[in-house]
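Observations on chain architecture
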Amino acid sequence: MRGDVLTTEQVYIHGKVCIVDDRLVIIGSANINERSQRGDRDSELAAVIRDTDMIDCTMAGKSFKVGRFAHTLRVRLMREHLGVNVDALDEEDLMTKEPVQPEYAENAWDPDTEQVYGREKGVTHIKKSKQRTAAGALFRDTLGGAKQAVHATGESASKATTSTLQKVGIGEKAASSAAGDDILKAERKTFTREGQEVSGFASSVVPTLEEKIVAEGRPPTEQTHKPSDQEIDTVEKSAGCDVSGLRPSVTENGDSQPRTDDHTLYGAPANASKSPQTDDQPPLVQSGVNDVNKEEKAAVEARASIRVSMKSWKMKTPRPKVEVDGFEDPISDAFWNNVWVASAVHNTQIYRKVFHAIPDDLITTWKQYKEFVLHHERLNKRPRDSANSEPVGRVPSETGDESALTETGSDEGARQSREGLENRSASTSTSIAGHSEKDLRPRRSTRGSEPFEKWEREEMEKLLGQTNGHLVLFPNRFLEGEDIANNFLFNADRLLPLPIYN
């Protein structure tokens with residue numbers, strides 16, 4: 001929280017870490033693409049560490065030898081992602097150990113003394129006959145960039161540009177509009193269980209991790225965090241309050257689920273749901289082949305309960321209990337499903353309630369997106385009954401940034417009018433057991449573009465205090481409906497990045 005303002009930010013991390021079987025580690029900035037791997041483009045660095053110091057551990061419940069460095073690095077990173085104070089643990093561990101040898105006996109390493117010119121190992125030298133001139137390298141990079149443009153225009157079906165590039169001799173036969181259409185069609189294909197290729201997205205049919213965790217009721221009671229009295233109080237006070245700010249619609253079983261103005265339910269699988277207005281049947285691909293399994297059937301009810309939970313402060317998934325010593329076996333169900341994935345689901349639901357964070361699996365169309373992010377504009381306004389001029393929260397958004405106005409004229413008038421009524425009511429109310437009539441009346445959440453109430457902001461802060469670190473789910477269905485309609489990106493966004501020159 002920055003300046004008493006609830007804040008979420010986008011952090012772009014360039015470093016990459018890959019840990020395999022707790023034995024092999026790759027750390028660096030290099031990507032698996034031409035710019036990083038060619039050797040004469042971007043300046044990159046990557047190190048491969050193969051452990052020789054092996055220790056006893058477990059993997060999938062069985063005895064397994066792991067590398068000390070790889071294992072401890074993986075445990076430290078996973079602990080940090082789930083909110084464990086790893087620095088305090090390291091300090092505590094350091095204080096319990098005696099130094100191996102006195103400080104004065106340690107030998108400083110001077111790498112310059114170990115290097116001899118012409119004898120470097122592991123360095124590839126390019127012969128002068130193979131080296132390119134500056135002009136030759138520039139021409140090759142320009143040609144490569146043009147071919148990237150051909151490929152991109154093929155995807156966006158720009159026949160005219162592709163034809164022009166081919167006429168000047170830098171196009172390829174494969175880079176045509178027809179090839180672009182084939183690429184797009186191939187991306188919109190999936191397979192039945194019998195191996196038949198059909199139209200549709202596999203992500204529309206396969207349950208999301210959130211749906212699976214909710215359907216399976218994870219984590220189990222014995223691995224659930226015991227809530228404090230304050231957390232219990234938060235749930236009891238606000239369980240019946242609509243906090244989503246979205247349009248409600250009551251279903252046959254009485255559950256109120258958020259919808260768009262055309263009655264489409266949020267999160268209905270694009271191009272696979274029998275009816276996006278009801279979303280009460282397992283999703284099917286366009287072929288109509290009914291081969292749904294038990295897991296896919298359970299996802300329907302789970303998805304409905306996730307939508308309903310958007311409308312209250314009550315969490316659908318309990319907070320998983322994170323044990324400091326429970327990270328040794330990363331692929332056991334007790335850790336992977338009940339702690340790691342369950343924490344990601346739990347954190348994702350909190351960020352969805354508080355910030356309406358984007359991207360999100362429940363947002364499959366632009367219409368849903370526009371209604372969902374209106375919440376950001378409300379976050380940028382100060383609480384209605386607060387003397388503090390700071391907004392409720394800040395979130396990276398096109399509708400609610402730090403420079404946006406905190407109050408509109410109409411909202412200000414409504415706020416002053418409402419505050420006047422509340423002040424008069426409070427001054428004439430009688431106290432009952434230390435509470436005024438204002439305190440005892442039911443809480444009503446604000447809606448539309450109204451600023452949040454002060455108590456709503458307090459509930460948001462309490463919810464954020466229940467997160468397990470910062471691990472969240474990576475969405476698979478975000479704007480999926482637009483992707484199927486080939487409306488996910490503008491044509492300009494389909495162009496691949498052009499080469500960068502020094």
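Residues numbered from 1 in each chain as written. Predicted model: local features only at pLDDT ≥ 70, side-chain atom pairs only at ≥ 80, totals over all residues. Heavy atoms only, no water.

Remarks on the side chain of His-375
- Note that His-375 resides in helix α13 (residues 374-379).
- His-375 gets classed as buried once you look at its relative accessible area, which sits at 3%. (Helix = DSSP H or I, 4+ residues; strand = E, 2+ residues; numbered from the N terminus. Buried < 20%, exposed > 50% of the residue type's maximum accessible area, 1.4 Å probe, protein only.)

Some thoughts on the packing of helix α11 (residues 333-355) against helix α16 (residues 454-464)
- Here α11 crosses α16 at 160 degrees, and the two axes come no closer than 10 Å. Taken as axis vectors, α11 and α16 run roughly antiparallel relative to one another. For α11 against α16, the interelement crossing comes out left-handed. In this structure, α11 contributes Ile-350, Lys-353, Val-354 and Phe-355 to the contact, and α16 contributes Met-460, Leu-463 and Leu-464.
- Class assignment of the residues belonging to the contact of α11 with α16 gives a composition of 6 nonpolar, no polar and 1 charged. (Axes fitted to C-alpha atoms, helices over the stretch in contact; angles between N-to-C directions. Parallel < 35°, antiparallel > 145°, perpendicular 65-115°, else oblique. Left-handed = near helix turned anticlockwise from the far one by under 90°. Contact = heavy atoms within 4.5 Å. Nonpolar A, V, L, I, M, F, W, Y, C, P; charged D, E, K, R; others polar.)

Describing α11
- The largest bend in α11 amounts to roughly 35 degrees and is located at Ala-342.
- Counting buried residues in α11 gives 19 out of 23 residues, a clear majority hidden from the surface.
- Once α11 finishes, His-356 follows within two positions and takes phi at roughly 50 degrees, a positive value. (Bend = angle between axes of the 7 residues up to and from the residue.)

Structural notes on the confidence of the model for the protein
- For the protein, per-residue confidence averages 75 on the pLDDT scale, and residues scoring 70 or more make up 65% of the total.
- Between residues 172-176, whose pLDDT stays under 50, and residues either more than four places distant or in other chains, the model counts 9 contacts.
- The model gives residues 402-441 a pLDDT under 50, and that stretch makes 30 contacts with residues more than four places away or in other chains. (pLDDT = per-residue confidence, 0-100.)

Topic: the pairing of strand β5 (residues 54-59)
- Residues Ile-55, Cys-57 and Met-59 of β5 are buried on one face, while the alternating residues Met-54, Asp-56 and Thr-58, pointing to the opposite face, are not.
- Judged from the 6 bridges that link them, β5 and strand β6 (residues 62-67) form a sheet pairing that is antiparallel. Within the sheet, the bridge partner assigned to Cys-57 lies in β6 and is Phe-64.
- Here β5 folds back onto β6, and the loop between the two strands holds 2 residues, one of which, Ala-60, carries a positive phi near 60 degrees. (Pairing = 2+ DSSP bridges.)

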